[in-house]
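# Summary of the model geometry
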Amino acid sequence: MTQRVVVVGGGPAGLLAAGHAAERGAQVLLIEKMPRLGIKLRMTGHGHGNMTHAGDAEQIVQHLGPNGPFLRPALSRFGPRELIAFFQTRDLASIIEPDGRVLPATRNAHTLVTALRGYCLEHGVTFRYRSQVDCIQTDRSDARRVCGVQVGTTMIGATAVVLATGGLSYPATGSTGDGYEMVRRLGHTIVQPRAGLVAMVAADTWVPDLTGLSLADVTLYASQAGRDLATRRGDILFTRDGLSGPAALNLSLDLAEAFERGSVRLCIDLLPDTAAEILEADIQREMQEHGSATCRSLLRGRAPRSLVPVLERMAGIPGAKKLAQVSAAERRRIVACLKGLELRLLATRPISEAMVTLGGVACDEVEPHSMASRIIPGLYLTGELLDVAGETGGYNLQAAFTSGWVAGYYAAQQA
Ligand SMILES: Cc1cc2nc3c(=O)[nH]c(=O)nc-3n(C[C@H](O)[C@H](O)[C@H](O)COP(=O)(O)OP(=O)(O)OC[C@H]3O[C@@H](n4cnc5c(N)ncnc54)[C@H](O)[C@@H]3O)c2cc1C
């Protein structure tokens, strides 16, 4: 049998797996169905390449969703520090943004691909482009060990296969979910893929009027049928049909399943650092001291201009009303709107627009130290293909790099 590692997919997980396996002495072939490597990686961080997040491995685990702990052993070997050091040794320094996002100092995601490709070439990885792997071949013995991959009518022999085909989002980049079917046929469980880190659609007719408005540092409270679902804090952006921006994108990770049951009630606290009682006392003082001012001016002091007509409507108070004439009940309604602007979210935008795919290969069927399949010996599962999805800020690329790095290490041992 060919003593070779075949890596399927030339994204961040596949490139690091291929380079690392080759560095460890394996003969490596990387098969990519697109004409170029890392098409999605080149788009990350708005083209700046937000490759990880500052902090230690444990902090990464905390931002990788419910299955973050699965990656703990791998992250303890190849975490954010090791990733930054890896690129540094490839002459690619990194910078840390004030919010903790780590970017290459070039602020150019293409340079990540160039560095990874250079790493692979230096260690003798062979690339095969425009080749779509259709299935993974296993031998007919009881062990069902991996023996190669099928590309059209060609069988390519391998001792180990690293599958790094990504998820289902942004299919034009080559990530069309091929890996799910390949491993399902081999007996793996696929947790239903859903859109994650994606804008959400709102039912409220006033939302399109606010298109382009961003709100900094608000708190989002999501609930359904009276049950609290999730809370996120950060910046949001109104789109033509709903909400986007970092906090809304992160919230979409929590709501994917809930939308299958129905709509979700969202309350936006516009002033999360001011308790309702303090805000009410503040407003009361302002009303006493500036009785001839209007409600509109009071609201403009606390919310962006374009949001004020919405707040007036919701509070049911004409903007021109003088503060001296505002009743205690009206004052409480103003506070309630500022502390809980209400929207009805209907769904996420389609998965093709999502930044990540939730779901994927069930983590309990994968060995967490090595990414080896617990079902098919010789098969390694990495990156977004796995049922691990993180928040915005570099966590997903770190997960892809980490899983690729360990898979490359163990696949090389196998070969
Ligand atoms: C617009 C956008 C911005 C993002 N920004 C960030 C960010 O700033 N920070 C961050 O951490 N994450 C970001 N992400 C998420 C991140 O890009 C992904 O999580 C990451 O690329 C997943 O890496 P991967 O190697 O598992 O898969 P992918 O990058 O999806 O790569 C999979 C590769 O496999 C190839 N392939 C698929 N099927 C086959 C087949 N059958 N045969 C051969 N090849 C195949 C594909 O062509 C592709 O090249 C962003 C995503 C998007 C869409």
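Look above for the structure.
Residues numbered from 1 in each chain as written. Predicted model: local features only at pLDDT ≥ 70, side-chain atom pairs only at ≥ 80, totals over all residues. Heavy atoms only, no water.

### Points about the overall build of the protein chain
The line we're drawing: Numbered from the N terminus, helices here are DSSP runs of H or I no shorter than four residues, and strands are runs of E no shorter than two. Remark: exposure states derive from per-residue accessible area (1.4 Å probe, protein chains only) relative to the maximum for the residue type, with buried under 20%, exposed over 50%, and partly exposed in between. Contact between two residues is taken to exist if any of their heavy atoms lie within 4.5 Å; hydrogens are not considered.
Check the secondary structure of the protein chain and you find 13 helices and 19 strands. Projected onto its principal axes, the C-alpha positions of the protein chain cover 85 × 45 × 35 Å. Taking all 415 residues of the protein chain together, the buried fraction comes to 56%. In the protein chain, the proportion of contacts linking residues at least 24 apart, taken out of those at least 6 apart, comes to 72%.

### A short note on helix α7 (residues 178-185)
Three or more residues of α7 are buried, namely D178, G179, Y180, M182 and V183. Elements in contact with the buried residues of α7: β7 (135-138), β10 (160-163), β11 (190-196), β18 (356-361) and β19 (379-381). Following α7 by one or two positions, G187 adopts a phi angle in the positive range, close to 105°.

### Examining the environment of T126
With respect to the helices and strands, the residue T126 is situated in strand β6 (residues 126-128). C-alpha of T126 to C-alpha of L103: the two residues are 23 residues apart in sequence and 28 Å apart in space. Those residues in contact with T126 that lie beyond four places of it in its chain are V28, L29 and L30.

### What to know about the side chain of T219
Within the secondary structure, T219 is located in strand β13 (residues 214-224). Relative accessible area serves as the criterion here: at 7%, T219 is assigned to the buried category. Ignoring any residue separated from it by four or fewer positions in sequence, one finds T219 in contact with T231, R232, R233, C267, I268, D269 and P272.

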